[in-house]
Amino acid sequence: MDPECSRLLPALCVVLADPRQLVADDTCLEKLLDWFKTVTEAESSLQLLQDHPCLMELLSHVLKPQDVSPRVFSFALRLVGIFAAQEDCFQYFQQGELLPGLFGETGALSWAAWRVPSVRSGWTQGLCSLAQHPSALHFLADSGAVDTLFSLQGDPSLFVASAASQLLVHILALSMQGGAPGSPIPESVAWPVCARKIVSHVEESLRSKATPQVTQALNVLTTTFGRCHSPWTGVLWEQLSPPVASLFERDPIPAVHSLMDLLLSVARSPVFNFSACGLWEMLAQTLRRLSPMQAGPLALGTLKLQHCPQELRTQAFGVLLQPLACILKATTQAPGPPGWLAGTADSPLTVDVLLSSKSACVGLLCQTLAHLEELQALPQCPSPWPQVPLLQAAVTILRLCDGSADPSSSVGGRLCGTLGSCVRVQRAALDFLGALSQGTSPVELVLEVFAVLLKTLESPESSPTVLKKGFQATLRWLQNSHKAPGCSDLSPDALLFLGELFPILQKRLCSPCWEVRDSALEFLTHLLRQWGGQADFREALHSSEVPALACQLLQDPESYVRASAVGAAGQLSSRGLQAAPASPEDPQAQQGLLTDLMHILSTDSEGFPRRAVLRVFTEWLRDGHVDVVRDTEWFVATVLQAVSRDLDWEVRVQGLELAWVFLAQAMGQPSLHCPYTVGLPGATSPGPHLEFLQTLCRLPLFEFAFCALLDCDRPVAQKACDLLLFLRDKTASCSSPQEAGDSPSSVSVEAALQRWQEGEPGQPLGDLEPEAMLAILRSLDLEGLQGKLAQSSDHVEKSPQSLLQDMLATVGVLEENEVDCY
């Protein structure tokens, strides 16, 4: 332990033991426990107690509960557990009354403070910490602590109840450790005392008529089979599977969700011979007994299993498909090819759920669609995958929601009324429809998909969230409707679809709802990134008013929309698709977008649009945009001048990224179309490097980067440090003719920057020559600064010494000059 902490510790123990003192809050006590845990991991707990008698005095004082606050009592219980995790310290505690007085039946349970949940939680956590060795097991068996944990499983505090169940699993696993490898597993009657007691309690709870007790037992078993993969768990399941199976004979089945979790936990264990233990039959029986809503999660979990029999997989997949089969049958669609649902389409139970109420119907459909979407992306996805009927079902559900479906029965008519304009189902169906774009579908069905997407995007009834999902699904279908494998061009059908889509997109760009305008702009940006260079796409886009409307939204009153408009306008300009100026001969009109974006960067009151402008400018610089290449030096200087005054740290970080791209292009990547790379030789010829540094000196790049080193926002300083390290490494071969005595020192540079940051007018470094810049780069300890910036901003305040000082300061024990205020 640190000597200064050792000096402060006795005073802190006195404060904690004094009920009249207002002890620091729970956060400080948690940090104190974390510190003690770190100390005991590095040294002996027993030696720590012997070197600091004040700790033992504090813990002994806790045995008088009337003299201790519940907060400190809970802290002390957990601290004893941390110390007693080492067996020699545990035995030292056993010599006195500390362990029985705190964790025995006559201890904390009989005190008034036991009514406080934090005390019960501290008792459980302390017991969990000390239960690490055989001596602790003997204590647990004799002290009655295990029986207390049984009662805490039903504690009104969910945190306490959960901790108690977790601790029972930990004790059971600890009890079963130590057997010789390969030795036969004894019957449970020959298990250690604690293990027998826990198993007996679980078995008794499983036979209870009270659902809470059954739930507690199932949760303990689920955690056990999830954590413990030793052979003894097979013996445990062999003993307890009969009472678990008997739960299915009750009506209704108790604790359904906990029961499903248990079966899946057992099925994932690598220990069992599942055929011999009857697990597959139990899963099949459970799938048959549960309601469609209950069976869905179990069916998905079953299909995720690695070694599931094909018959059970077919049954589980049928459970997931039942609701969609009912939807198809209730409309004019056939339920799919023969055998695709193995006869499950006529499940009356599923139909009853779909018709019982709107909430039940919506809940079942949303759950089913989400499960199938998740399943499709998994390696365990059933094969063959019924792509066509599933796609038909998704399209039909969307038609039921928008009112365009043709019901073929009274069931279909009632579903139309139930699902009409249902936003939840529309969102789920659109997500699933987008996922189905990965599969191979017949052309006529793809056209149906495009038609229902157009209907959704055009409908005035579609909510902003539905439209956003619709745009996302549309993009996925466009991406996966290629006319040939490996071809990224749009298919003829997709181009026809776009011809109908762009008028709808125009309408959405003019929507009074800002979320809709924002989603439309994001969708347009994705389209441009993907197909902005394709001639047919460009022709379709040019024939619409979309480019002009997108650029008009740069003046939108909503900042999110302005930011999205910046991204869309940037893509339009990069692809040469921006709206034609009114006077093409006017040079100012040609550079209108660049001027508009510079204006946004300099004057917009919100950070989102300014960040978007920097992202666009960085991309333009990287790709050699014509407006940037025309005068790169002016472009970089103007951008950095605006960024240096920006109060948004993310804008300043992005400005440094732009500067980095500029330097990288100019100093080593001629293929990136930077005008300054023309004729730039390798590092063996320092002349051109110095010539380029003269260009940099005319820019505010050095000034911006150096001043960013002192930025109060750590990400900005880190980025600036990385940038200057990159520049220093790239110019390492450049010679500096200055004499050492003339070179600016690190102290003078930092002092100049500090004065400038505090408000001194003018340039902090003055008009420097390239040689001076190189000298400054070499004088700064950038590696040391990089290491300091890598530390968390509160690394000083997080120190144990600071923590002890602050806790003592809250009660006035320290003198004023010793307080670590932050």
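This structure is a prediction, so every number in the text was calculated from the model and none was measured.

Draft legend 1. How the structure looks around the overall build of the chain. Along its length, the chain carries 44 helices and zero strands. Among the 822 residues that make up the chain, the fraction classed as buried is 52%. Long-range contacts, defined as pairs at least 24 residues apart, comprise 72% of the intrachain contacts of the chain with a sequence gap of at least 6.

Draft legend 2. A look at the pattern of salt bridges. A complete count under the given rule lists 21 salt bridges for this structure. Between Asp 648 and Arg 611 there is a salt bridge, and its shortest N-O distance comes to 2.9 Å. Taken together, the positions of Asp 648 in the loop between helix H36 (632–643) and helix H37 (649–666) and Arg 611 in helix H34 (residues 607–623) put the pair 37 residues apart, joining distant regions of the chain. Assigned by exposure class, Asp 648 and Arg 611 land together as buried. Among the ionic pairs, Asp 713 bridges to Arg 652, the shortest N-O distance being 2.7 Å. Of this pair, Asp 713 sits in the loop between helix H39 (701–708) and helix H40 (714–730) while Arg 652 sits in helix H37; the two residues are 61 residues apart in sequence, bridging distant segments of the chain. Overall, the relative accessible area of 23% leaves Asp 713 in the partly exposed class. For Arg 652, a relative accessible area of 8% puts it in the buried group.

Draft legend 3. Structural detail: the packing of H34 against H37. Two numbers describe how H34 lies on H37: the axes approach to 9 Å, and their chain directions differ by 5°. Here H34 is positioned roughly parallel relative to H37, judged by the angle of their axes. In this structure, H34 uses Gly 607, Arg 610, Arg 611, Leu 614, Arg 615, Phe 617, Thr 618, Leu 621 and Arg 622 to contact H37, whose residues at the interface are Glu 650, Val 651, Gln 654, Gly 655, Glu 657, Leu 658, Val 661, Phe 662 and Gln 665. The class makeup of the residues in the contact of H34 with H37 is seven nonpolar, five polar and six charged.

Draft legend 4. Spatial organisation of unusual backbone geometry. The step from Asp 251 to Pro 252 runs through a cis peptide bond, and the omega angle for that step is 0°. In this structure, Pro 252 sits in the loop between helix H14 (232–246) and helix H15 (256–267). At Ser 421, a position not held by glycine, the phi torsion is positive, near 55°. Take Ser 421: it is sitting in the loop between helix H23 (410–419) and helix H24 (423–436).

Draft legend 5. Molecular detail of the confidence of the model for the chain. Confidence in the prediction for the chain averages 84 pLDDT; 84% of positions are at 70 or higher. Here residues 737–741 is modelled with pLDDT under 50, and outside its nearest four sequence neighbours on either side it reaches six contacts, counting other chains as well. Here residues 815–822 is modelled with pLDDT under 50, and outside its nearest four sequence neighbours on either side it reaches eleven contacts, counting other chains as well.

Draft legend 6. Here's a closer look at helix H12 (residues 193–206). Over its 14 residues, H12 extends 20 Å from the first C-alpha to the last, a length consistent with the 20 Å expected when each residue adds 1.5 Å. Buried within H12 we find Cys 194, Ala 195, Ile 198, Val 199, His 201, Val 202, Glu 203, Ser 205 and Leu 206. Against the buried residues of H12 lie helix H9 (134–143), helix H10 (145–152), helix H11 (158–175), helix H13 (211–227) and H14.

Draft legend 7. The arrangement of the side chain of Arg 611 in detail. The exposure class assigned to Arg 611 is buried, which follows from its relative accessible area of 18%. Side-chain polar atoms of Arg 611 contact the side chain of Asp 648, separated by 2.9 Å. Once you skip the residues sitting within four places of it in the chain, Arg 611 turns out to touch Asp 648, Glu 650 and Val 651.

Draft legend 8. Fine view of the nonpolar core. Core analysis: the largest hydrophobic core is formed by 274 residues, its most contacted members being Phe 93, Leu 433 and Phe 617. Not counting chain neighbours up to four residues away, the residues in contact with Phe 93 comprise Leu 49, Met 56, Leu 59, Val 80, Phe 83, Ala 84, Leu 98 and Leu 99.

Draft legend 9. Region of interest: the packing of aromatic side chains. Within this structure, the stated rule accounts for 19 aromatic pairs. When the centroid spacing of 5.5 Å and the interplanar angle of 85° are considered together, the rings of Trp 114 and Trp 123 count as edge-to-face. A relative accessible area of 14% places Trp 114 in the buried class. Classification of Trp 123 as buried rests on a relative accessible area of 0%.

Draft legend 10. The packing of helix H4 (residues 53–61) against helix H5 (residues 70–84), seen in detail. In the contact formed by H4 and H5, the axes pass within 10 Å of each other and the chain directions differ by 130°. When the interaxial angle is binned, H4 and H5 end up oblique. Every pair of crossing elements has a handedness; the one defined by H4 and H5 is left-handed. Counting all contacts with H4, which are made through Leu 55, Leu 58 and Leu 59, the residues of H5 involved are Phe 75, Ala 76, Leu 79, Val 80 and Phe 83.

Calculation notes
Residues numbered from 1 in each chain as written. Predicted model: local features only at pLDDT ≥ 70, side-chain atom pairs only at ≥ 80, totals over all residues. Heavy atoms only, no water. Helix = DSSP H or I, 4+ residues; strand = E, 2+ residues; numbered from the N terminus. Buried < 20%, exposed > 50% of the residue type's maximum accessible area, 1.4 Å probe, protein only. Contact = heavy atoms within 4.5 Å. Salt bridge = Lys/Arg side-chain N within 4 Å of Asp/Glu carboxyl O. Axes fitted to C-alpha atoms, helices over the stretch in contact; angles between N-to-C directions. Parallel < 35°, antiparallel > 145°, perpendicular 65-115°, else oblique. Nonpolar A, V, L, I, M, F, W, Y, C, P; charged D, E, K, R; others polar. pLDDT = per-residue confidence, 0-100. Expected span 1.5 Å × (residues − 1). Polar contact = N/O pair within 3.5 Å; in protein donor to acceptor, adjacent residues only side chain to side chain. Core = buried A, V, L, I, M, F, W, Y, C linked by side-chain atoms within 4.5 Å. Phe/Tyr/Trp six-rings, centres within 6.5 Å; stacked < 30°, edge-to-face > 60°. Left-handed = near helix turned anticlockwise from the far one by under 90°.

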